[in-house]
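An overview of the molecular structure
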Amino acid sequence: MEKGSISVYFVHSALEPIIDRGLDTDGLLRDAGISPALLQSSQGRVSAQSFGALWLGVARTLDDELFNQDSRRMKVGSFAMLCQMLIHCDTLNGALIRMMRFFNLILDDFQCSIESDAHHAHLTIREASDVRAPRVFGYETLLMMQHGIACWLIGRRIPIKSAIFCYPEPSRSAEYPLMYSDKLQFNGTVTALTFDRSYLDLPVVQNEKTVKEFVRLAPANIVLKYKNTTGLAAQIKRRLRAMARMEWPDFDAFAESLNMTPSTLRRRLENEGQSYQTIKDHLRRDVAIDSLCHSSKSVADIAAEVGFAEVSAFYRAFKKWTGTVPGKYRQRTQKR
């Protein structure tokens, strides 16, 4: 699986029901390969694989794959059963209708639906009761599941055109453009992800064989959204990863190397919800974090590896990414 990282805010959210019940958090973090010290940094990041392991550990401990975000537990095994059900649908539209019925059967507090008009489709979640205030992490987890499964079912990433949330803007909203879309609205009457309606007509391409692998890799593949390994963005990422970072071409030169005009490359990346600069920035960040956590390379070597001619520039960039400097970040990850 491709490397990726997510904000430590999601680690805090996943652990809240564990803390509320006075259960062991350090053990869950240790088993997931996450240093408890890393949680002290408000801008810390953990790998998708580590968060996926934590997700599974918390779910098993609570016997709840929605982390106590609903009045009724989403018992362990529900996600796998859902995926097994959906592969027998002909189109994405049919699968999403079935998915929403499933969630509405097993949950009490969230009402899920797929809605559409002439041009757009909307994955919509409403608060089914006013017993508790909207639970931000509950919405985030449901959206991660629903969008991730939808992308997997048709074998390609579904770009989100806009997103609306029924709660105030959370402190971790800087993650939202990466998770959803640049077009965000908070304090809405519903929570919904909007995408092009044409995706509803695409066929479901998964089967009994592929569902086993998908469930085996979950939830890390859900956290990162479904990655289309044959898409243009994935191809660009692989080509950049194979080059020395100082050799990465500028946008126009890269377009030429692909026998495309810059406008064509830009349009095709936008269709996948990506940009060349975003691909480069995320690749630098995730390679740097992975090297700090899982290698003994010096900070200077890592800086050069991710394309920084000056170590000081790498320090500034890394602090912007994670809220701390590389050496301190490495120390925190090693305090287990």
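In case you missed it, the structure is sitting above this.
A brief look at the structure comes next. (Residues numbered from 1 in each chain as written. Predicted model: local features only at pLDDT ≥ 70, side-chain atom pairs only at ≥ 80, totals over all residues. Heavy atoms only, no water.)

Describing the nonpolar core
Judged by nonpolar contacts, the single largest core of 103 residues is most densely connected at V11, F51, L54, F103, I149, F195 and F314. For this core, the element with the highest residue contribution is helix α6 (residues 136-154), accounting for twelve residues. In this structure F51 touches I6, F10, V11, A14, V46, F137 and V223, once residues within four positions along its chain are discounted. (Core = buried A, V, L, I, M, F, W, Y, C linked by side-chain atoms within 4.5 Å. Buried < 20%, exposed > 50% of the residue type's maximum accessible area, 1.4 Å probe, protein only. Helix = DSSP H or I, 4+ residues; strand = E, 2+ residues; numbered from the N terminus. Contact = heavy atoms within 4.5 Å.)

Side note on helix α3 (residues 48-62)
Its 15 residues place the ends of α3 21 Å apart at the C-alpha level, agreeing with the 21 Å of an ideal helix rising 1.5 Å per residue. Taken together, the buried positions of α3 are A48, S50, F51, G52, L54, W55, G57, V58, A59 and L62. In this fold, the buried residues of α3 make contact with β1 (5-7), α1 (8-20), α2 (25-32), β2 (45-47), α6 and α9 (220-223). Within two residues after α3, D63 carries a phi angle of roughly 50°, on the positive side. (Expected span 1.5 Å × (residues − 1).)

Topic: the sheet that holds strand β4 (residues 120-127)
Strand order across the open sheet formed by five strands is β3-β4-β7-β5-β6, with mixed pairing between neighbours. In this open sheet, the two edge strands, each paired with only one partner strand, are β3 (110-116) and β6 (184-185). Two strands pair when backbone bridges link them, and strand β5 (residues 162-164) and β6 are joined in this way by two bridges, in the parallel orientation. Looking at the pairing, I164 lines up with Q185 of β6. (Pairing = 2+ DSSP bridges.)

Notes on unusual backbone geometry
The amide bond that connects A218 to the next residue, P219, takes the cis arrangement and shows omega of 5°. Mapped onto the fold, P219 is located in the loop between α8 (208-217) and α9. Phi at F67 takes a positive value of approximately 55°, unusual for a residue other than glycine. For F67, the location among the structural elements is in the loop between α3 and α4 (78-86).

Comments concerning the packing of helix α10 (residues 232-242) against helix α12 (residues 262-271)
At a minimum axis separation of 9 Å, α10 and α12 run at an interaxial angle of 110°. Taken together, α10 and α12 sit at an angle that is classed as roughly perpendicular. Every residue of α12 that contacts α10 at L232, A233 and I236 is listed here: L265, R268 and L269. Here the residues of the contact of α10 with α12 sort into five nonpolar, no polar and one charged. (Axes fitted to C-alpha atoms, helices over the stretch in contact; angles between N-to-C directions. Parallel < 35°, antiparallel > 145°, perpendicular 65-115°, else oblique. Nonpolar A, V, L, I, M, F, W, Y, C, P; charged D, E, K, R; others polar.)

Considerations on the side chain of T191
The residue T191 is located in strand β7 (residues 191-196) in this model. The exposure class of T191 is buried, given its relative accessible area of 0%. Here C166 takes part through its backbone nitrogen, which lies 3.1 Å from a polar atom of the side chain of T191. Setting aside residues no more than four positions away along its own chain, T191 makes contact with L123, T124, I125, Y139, L143, I164, F165, C166 and Y167. (Polar contact = N/O pair within 3.5 Å; in protein donor to acceptor, adjacent residues only side chain to side chain.)

Section: the environment of L54
Mapped onto the secondary structure, L54 falls in helix α3. Note on L54: relative accessible area 0%, which makes it buried. Separated by 117 residues in sequence, L54 and S171 place their C-alpha atoms 21 Å apart. Every residue in contact with L54, bar those within four places of it in the chain, is listed here: V11, A14, L15, L28, L29, A32 and I34.

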